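Residue-level listing of the chains:
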Amino acid sequence: MDIKAYSRRQLMTFTPYDAEIEFLQVKSGVPYINTGIIGNSNLNYEIKFGYKRPSNYPYIIGAQESDRARRFSLMISAYSNYTLIANDGNNEHNISFSSGEANNPLIVKKVNHDIYINGNKKYTFNNSSYTTPVPITVFACNTSTGIIQGNNFVEPLYYIKIGNLDLIPVRKGNEGFLYDKVSGKLFGNEGTGEFTLGPDK
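Residues numbered from 1 in each chain as written. Predicted model: local features only at pLDDT ≥ 70, side-chain atom pairs only at ≥ 80, totals over all residues. Heavy atoms only, no water.

Please provide a residue-by-residue account of unusual backbone geometry, values included.
Here the phi dihedral of Asn112 falls at roughly 60 degrees; this positive angle occurs in a residue that is not glycine. Here Asn112 lies in the loop between strand S9 (106-111) and strand S10 (114-117). (Helix = DSSP H or I, 4+ residues; strand = E, 2+ residues; numbered from the N terminus.)

As structure tokens, then:
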């Protein structure tokens, strides 16, 4: 046996988790994952998640200075069925989609200044120059004074691509993480409470 070749193969296939899982979902408290990425008008994302009209306004992702100021976020509206709320700097827009488009899960993309839902272009933001004062978090909104409480996203998250990150849900034992397929880094819960883990893939 070529020991060196075997060792290289082992290193290439090593992953710092036990299994990929179908989704990550909030179980209790306000768990969140910090991406370390600062929001700006040129930042793109693609997120696959479960949709259900909530009783509040949960943040799927978010970072802001204050309400609607230097905010980069994606939320679900409690006011109307089949409506998301996207923020880019000081620009906020309600993005509606039909019940026929409300396949569960949804795939929402921001490409440059355009927002797409399930492949259908819905809105174009005006170009604005800004950066968020804090990094973007997943399942909650980060602010200069801490995480917003009571508005965390509780539906299943299947994956998120944002900036140079390509994050998928994984587990290590019974603990859930997002794993970056690009850097090989695990992103864990930095909040309170815990996640529900989807089944192993």
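Describe in detail the nonpolar core, supporting the description with residues and values.
Phe49, Ile61, Leu74 and Ile162 are the most contacted members of the largest nonpolar core, which has 39 residues in total. Contact partners of Ile162, with chain neighbours within four places excluded, come to Ile37, Leu43, Asn44, Tyr45, Ile61, Phe72 and Ile136. Among the nonpolar cores identified, the runner-up in size contains six residues, and Tyr17, Tyr159, Phe177 and Tyr179 belong to it. (Core = buried A, V, L, I, M, F, W, Y, C linked by side-chain atoms within 4.5 Å. Buried < 20%, exposed > 50% of the residue type's maximum accessible area, 1.4 Å probe, protein only. Contact = heavy atoms within 4.5 Å.)

Talk me through the packing of aromatic side chains; I want residue IDs and the actual numbers.
Using the criterion set out here, one finds ten aromatic pairs in the structure. Seen in terms of ring centroids, Tyr51 and Tyr82 are 6.1 Å apart; in terms of plane orientation they differ by 35 degrees. Their pairing is tilted. Within this pair, whereas Tyr51 is found in the loop between strand S4 (45-49) and strand S5 (59-64), its partner Tyr82 is found in the loop between strand S6 (71-76) and strand S7 (83-89), the two being separated by 31 residues in sequence. Residue classification places Tyr82 among the partly exposed residues on the basis of a relative accessible area of 30%. Through successive ring pairs, a cluster of aromatic residues spans Phe49, Phe139, Phe153 and Phe195. (Phe/Tyr/Trp six-rings, centres within 6.5 Å; stacked < 30°, edge-to-face > 60°.)

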